[in-house]
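Listed here are the chains, written in short residue letters.
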Amino acid sequence: MRKIVDIDEQIIPKLKIIAAIEGSSVKKIMEKAIVCYIEQKQKEQMDAMSLEQKEDLGLLLLMQQANVQSTVSEEELFNS
């Protein structure tokens, strides 16, 4: 998806220099910066969570990975 984004004219030369040093494109440098920013914010959010909230999040992630097609009978559940 292509979007037009207004970027400060002073930032573009700096991005070009970084891209040249990295041997990459300005687009890749911007994408990498955005990914780093998102990861940092997610880490900050995780650090701010209580232990109980972290456990709830872990349980939610495990539940999302579960196979919904696989079921266990009531008898099997209570007899194990």
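To be clear, the structure that these remarks concern was listed above.
Computed from a prediction, not measured in an experiment: that's the story for all the values here. (Residues numbered from 1 in each chain as written. Predicted model: local features only at pLDDT ≥ 70, side-chain atom pairs only at ≥ 80, totals over all residues. Heavy atoms only, no water.)

**Things to note about the overall build of the protein**
Step number 1: A tally of regular secondary structure across the protein gives four helices and zero strands.
Step number 2: Tracing the protein from N to C terminus, the helices and strands come up as α-α-α-α.
Step number 3: On C-alpha atoms alone, the protein measures out to a radius of gyration of 22 Å, which is more than a quarter above the 12 Å that the 2.2 N^0.38 rule sets for 80 residues.
Step number 4: With the C-alpha coordinates of the protein rotated into their principal frame, the extents come out at 70 × 30 × 25 Å.
Step number 5: Residues counted as buried form 4% of the 80 residues belonging to the protein.
Step number 6: Surface summary for the protein: the accessible area is close to 7,900 Å², and the carbon and sulfur share equals 58%.
Step number 7: When the 10 positive and 14 negative side-chain charges of the protein are each reduced to one mean point, those points stand 16 Å apart. (Helix = DSSP H or I, 4+ residues; strand = E, 2+ residues; numbered from the N terminus. Rg over C-alpha atoms; globule rule 2.2 N^0.38 Å. Buried < 20%, exposed > 50% of the residue type's maximum accessible area, 1.4 Å probe, protein only. Areas by Shrake-Rupley, 256 points an atom, 1.4 Å probe, with all protein chains shown as cover. Lys, Arg positive; Asp, Glu negative; His and termini not counted. Charge placed at Lys NZ, Arg CZ, Asp CG, Glu CD.)

**Some words on the packing of helix α1 (residues 11–22) against helix α2 (residues 26–48)**
Step number 1: Between α1 and α2, whose axes approach to 8 Å, the crossing angle comes to 95°. Classified by the angle between their axes, α1 and α2 sit roughly perpendicular to one another. For the pair α1 and α2, contact is made by Leu15, Lys16, Ile18, Ala19 and Glu22 and by Val26, Ile29, Met30 and Lys32, respectively.
Step number 2: Here the residues of the contact of α1 with α2 are counted per class, giving six nonpolar, no polar and three charged. (Axes fitted to C-alpha atoms, helices over the stretch in contact; angles between N-to-C directions. Parallel < 35°, antiparallel > 145°, perpendicular 65-115°, else oblique. Contact = heavy atoms within 4.5 Å. Nonpolar A, V, L, I, M, F, W, Y, C, P; charged D, E, K, R; others polar.)

**Focus: a nonpolar patch on the surface**
Step number 1: There is a patch of nonpolar side chains on the surface, built from Ile34, Tyr37 and Ile38 and spanning about 310 Å² of accessible area.
Step number 2: Tracing the backbone through its elements, the reader meets Ile34 in helix α2.
Step number 3: By relative accessible area, which is 49% here, Ile34 ends up partly exposed. (Patch = residues over 30% accessible without salt bridge, like charges linked within 9 Å, V, L, I, M, F, W, Y side chains within 5 Å. Salt bridge = Lys/Arg side-chain N within 4 Å of Asp/Glu carboxyl O.)

**Considerations on the environment of Arg2**
Step number 1: As for its position among the elements, Arg2 is in the segment before α1.
Step number 2: Accessibility expressed as a relative area gives 82% for Arg2, which makes it exposed.
Step number 3: C-alpha separation for the pair Arg2 and Ile17, spaced 15 residues apart in sequence, amounts to 23 Å.

**Remarks on the pattern of salt bridges**
Step number 1: Applying the stated rule across the entire model yields three salt bridges.
Step number 2: Salt-bridge contacts for Lys41 lead to Glu44; the nearest nitrogen and oxygen are separated by 3.4 Å. In this pair, Lys41 and Glu44 both sit in helix α2, three residues apart, roughly one turn of the helix.
Step number 3: A relative accessible area of 37% means that Lys41 is categorised as partly exposed.
Step number 4: Of the residues examined, Glu44 reaches a relative accessible area of 38% and is grouped as partly exposed.
Step number 5: Between Asp47 and Lys43 there is a salt bridge whose closest N-O contact spans 3.0 Å. In this pair, Asp47 and Lys43 both sit in helix α2, four residues apart, roughly one turn of the helix.

Read these as geometric descriptors, not functional statements.
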